[in-house]
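# Survey of secondary and tertiary structure
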Amino acid sequence: MRIAMVGTGYVGLVSGACFSEFGTDVVCVDKDAKKIEMIGRGEMPIYEPGLDALVDNNVKDGRLTFTTDLVKAVKGADAVFIAVGTPSRRGDGYADLSYVFAAAEEIAHAIDRYTVVVTKSTVPVGTGRKVKEIIKKARPDADFDVVSNPEFLREGSAINDFMRPDRVVIGTESERAANVLKRLYRPLYLLETPVIITTLESAELIKYAANTFLATKITFINEIADLCEEVGADVQDIARGIGLDGRIGRKFLHAGPGYGGSCFPKDTLALVRTAQEAGAPIKIVEAVVQANDERKSAMAAKVIKACGGSVKGKTVAVLGLTFKPNTDDMRDSPSLAIVPALQRAGARVRAFDPQGMKEAKHLLPGIDMCTDAYDALKGADAVVIVTEWNEFRQLDFARARTLMKAPVMVDLRNIYDPAELAAAGFDYWSVGRRAVVRAKTPESVK
Ligand SMILES: NC(=O)c1ccc[n+]([C@@H]2O[C@H](COP(=O)([O-])OP(=O)(O)OC[C@H]3O[C@@H](n4cnc5c(N)ncnc54)[C@H](O)[C@@H]3O)[C@@H](O)[C@H]2O)c1
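In what follows, the accompanying structure is described. (Residues numbered from 1 in each chain as written. Predicted model: local features only at pLDDT ≥ 70, side-chain atom pairs only at ≥ 80, totals over all residues. Heavy atoms only, no water.)

This next bit is on the overall build of the chain. In terms of helices and strands, the chain carries 17 helices and 14 strands. Relative to the 2.2 N^0.38 estimate, which gives 22 Å for 446 residues, the radius of gyration of the chain is 24 Å and therefore close to what a compact globule would have. Expressed along its principal axes, the backbone C-alpha trace of the chain runs to roughly 75 × 50 × 45 Å. With 446 residues in all, the chain has 55% of them scored as buried. Within the chain, contacts between residues at least 6 apart in sequence are counted, and of these 72% link residues at least 24 apart. Surface exposure of the chain reaches about 19800 Å², of which carbon and sulfur atoms provide 52%. Taken together, the 59 basic and 59 acidic charged side chains of the chain have centroids lying 2 Å from each other. (Helix = DSSP H or I, 4+ residues; strand = E, 2+ residues; numbered from the N terminus. Rg over C-alpha atoms; globule rule 2.2 N^0.38 Å. Buried < 20%, exposed > 50% of the residue type's maximum accessible area, 1.4 Å probe, protein only. Contact = heavy atoms within 4.5 Å. Areas by Shrake-Rupley, 256 points an atom, 1.4 Å probe, with all protein chains shown as cover. Lys, Arg positive; Asp, Glu negative; His and termini not counted. Charge placed at Lys NZ, Arg CZ, Asp CG, Glu CD.)

In structure tokens, the structure reads:
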């Protein structure tokens, strides 16, 4: 089989490489010529563990190619996947579908045989029908079907998620199109991956319902963490205590600085708008969006409180800038709200992130980018852990104390044991963990 992947970003590049690993011939298209040139030189435009080797192997085996020429890629393809971005539209929060519709229009003109056009991008319910109309209008003679096949991979573990998904969702009323998709996903047969065949609308909504449910779970535990801080309970114990209940489940119950990334913020907002427009508002998600927005500024306030009520003229070390570990993605990262708030309050920020600094440099002007975690700690009045990269989980506390001006740690990911940090002489601030007797009052608080 042969497919074209339109959009070679986090989803398109990983999905394209994984389909080629399954034995399908894949042509990845992107209109960003720089991206395609980079890949041609063997460099990955994004950081995703294992991606470079996967791409390299399949390029060498001749199953995976890259181009900026959409027409060439689409001609002769059994299926064309649309994996372009669907960011929040400025001002109103609706999903910006201009890239999807532009891709559909271009694809329409290139179709030269029966082709299944698949929306892999996360698109609001009703988009598949519009894609169908666009193609039909541009090419009344074209033989095609439209399918919604939402993607559930997570950055940082994207390859494994794609190759071992919990389920595959195929939304279409056409049996012929469903069969093309089933053939493409046949390599998952051995894993007994459930394949859910639905209508276009249901498939589109499944993706939003999944993401908003997960965002709700995160927001729920974050608010429980706030309550824990007020009443002396420990959010980790609560998460374990409720998570072991099979009806609730343990995942997505880690309290933190609020969800970020390229999906949850925009998808929660888009579902809120879709639901309002449809006359069936989803109030729980509206509350989630508001609580998560407020949380980001609350995290900066927490740092200021840990520094004795003011960061004016103080140095704050920030460890981790990306929205989660194992990615270079900075989109809607909590750091984008926390760092500027600290700067506005008069702090000098020294930061380190293993993969995010290239992108962060443009997004967070005025911060000192450091060479590693210990470099960031130099002269700091406090250190804030924003992203739980593995290399931050085993800091040498004694070394950290000698480098810092004051031993204050604000751990927004709860990667450390409060008692251990107190024993190491740190004034330790967690997210909703039980209160500990502080080892000593740090200089900054006096
Ligand atoms: N990133 C994730 O973890 C993730 C997970 C699941 C679903 N999704 C969804 O997948 C979609 C893509 O997300 P992403 O993170 O990969 O976006 P991205 O911004 O990383 O990549 C999109 C790519 O599409 C290209 N593009 C845009 N219009 C094009 C056109 N007409 N022709 C060719 N290329 C074009 C852009 O140049 C860009 O490289 C979004 O709808 C997103 O919500 C993302």
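From this point, things continue past the structure.
A cluster of like negative charges, contributed by Glu-223, Asp-293, Glu-294 and Asp-332, occupies part of the molecular surface. Position of Asp-332 relative to the elements: it lies in the loop between β9 (315-319) and α13 (335-344). (Patch = residues over 30% accessible without salt bridge, like charges linked within 9 Å, V, L, I, M, F, W, Y side chains within 5 Å. Salt bridge = Lys/Arg side-chain N within 4 Å of Asp/Glu carboxyl O.)

Let us now look at the side chain of Thr-24. Examined against the element boundaries, Thr-24 turns out to sit in the loop between α1 (10-21) and β2 (25-29). Exposure remark for Thr-24: the relative accessible area of 6% places this residue in the buried category. When sequence neighbours within four positions are dropped, the list of residues in contact with Thr-24 reads Met-1, Arg-2, Ile-3, Phe-19, Arg-63 and Leu-184.

What follows concerns the site of the ligand. Around the ligand sit 25 residues in total, of which Asp-30, Lys-35, Thr-86, Glu-155 and Lys-266 are the nearest. Residue Asp-30 places a side-chain N or O atom 2.6 Å away from an oxygen atom belonging to the ligand. Thr-122 is positioned such that a nitrogen or oxygen atom in its backbone is 2.9 Å from an oxygen atom of the ligand. Relative to its unbound accessible area of 830 Å², the ligand is 91% covered by the protein chains. Grouping the constituent residues of the shell around the ligand by class yields 8 nonpolar, 7 polar and 10 charged. (Near = heavy atom within 4 Å. Polar contact = N/O pair within 3.5 Å; in protein donor to acceptor, adjacent residues only side chain to side chain. Nonpolar A, V, L, I, M, F, W, Y, C, P; charged D, E, K, R; others polar.)

Spatial ordering of the open sheet is given by β11-β10-β9-β12-β13-β14, a layout of 6 strands whose pairing is parallel. The open sheet has two edge strands, β11 (368-369) and β14 (427-429), and neither has a second partner. Note: strand β10 (residues 348-352) against β11, 2 bridges, orientation parallel. Looking across to β11, one finds that Arg-350 is bridged to Asp-368. Against the sheet, helix α12 (residues 283-306) makes contact with β9, β12 (382-385), β13 (408-411) and β14, and its axis sits at roughly 160 degrees relative to β13, the strand it touches most. (Pairing = 2+ DSSP bridges. Axes fitted to C-alpha atoms, helices over the stretch in contact; angles between N-to-C directions.)

What follows concerns the packing of helix α9 (residues 200-231) against helix α11 (residues 264-277). Between α9 and α11, the shortest axis-to-axis distance is 9 Å and the interhelical angle comes to 115 degrees. Classified by the angle between their axes, α9 and α11 sit roughly perpendicular to one another. The hand of the α9/α11 crossing is left-handed. Within the contact between the two elements, α9 uses Leu-205, Tyr-208, Asn-211, Thr-212, Leu-214, Ala-215 and Ile-218 and α11 uses Phe-264, Asp-267, Thr-268, Ala-270 and Leu-271. (Parallel < 35°, antiparallel > 145°, perpendicular 65-115°, else oblique. Left-handed = near helix turned anticlockwise from the far one by under 90°.)

Glancing now at the pattern of salt bridges. The tally for this structure, following the rule as stated, stands at 24 salt bridges. The salt bridge partner of Asp-78 is Arg-113, with a shortest N-O separation of 2.8 Å. Placement of the pair is Asp-78 in the loop between α4 (70-74) and β4 (79-82) and Arg-113 in the loop between α5 (98-110) and β5 (115-119), with a sequence separation of 35 residues. Here Glu-155 makes a salt bridge to Arg-331, at a shortest N to O gap of 3.8 Å. Taken as a pair, Glu-155 in the loop between β6 (144-148) and α7 (158-163) and Arg-331 in the loop between β9 and α13 lie far apart in primary sequence, 176 residues in all.

Moving on: empty space enclosed by the protein. One pass over the full model with this rule turns up 1 cavity of 30 Å³ or more. One number sums up the size of the largest cavity: a volume of about 40 Å³. Taken together, Thr-119, Ser-121, Thr-122, Val-123, Ser-148, Pro-150, Ala-203, Glu-204 and Lys-207 make up the full set of residues lining the largest cavity. With 3 residues, α9 is the single largest residue contributor to the lining of the largest cavity. For the lining of the largest cavity, a count of residues per class yields 3 nonpolar, 4 polar and 2 charged. (1 Å grid on protein atoms, 1.4 Å probe; cavity = no way out; pocket = protein on both sides within 12 Å on 5 of 7 lines; lining within 4 Å. Points joined across faces, edges and corners; volume = space filled by probe spheres on them.)

The set of residues buried in helix α2 (residues 33-40) consists of Ile-36, Met-38 and Ile-39. Seen along its axis, α2 keeps its buried residues to an arc of 155 degrees; they face one direction. Exposed and facing more than 90 degrees away from the buried side of α2 are Lys-34 and Gly-40. Where α2 is buried, its residues contact α1, β2, α3 (51-60) and β3 (64-67). Its side-chain oxygen at 3.1 Å from the backbone nitrogen of Lys-34, Asp-32 defines the N-terminal cap of α2. Positive backbone phi, at 85 degrees, marks Gly-42, one or two positions downstream of α2. (Arc of directions from axis to C-beta.)

In this section: the environment of Arg-433. When you line up the elements, Arg-433 lands in the segment after β14. Arg-433 sits in the buried class, given a relative accessible area of 13%. Measuring from C-alpha to C-alpha, the distance between Arg-433 and Leu-412 comes to 11 Å, with 21 residues separating the pair along the chain. What Arg-433 contacts, discounting residues up to four positions off in sequence, is Ala-233, Asp-234, Val-235, Gln-236, Asn-414, Tyr-416 and Pro-418. At 3.0 Å, the side chain of Arg-433 forms a polar contact with the side chain of Asp-234.

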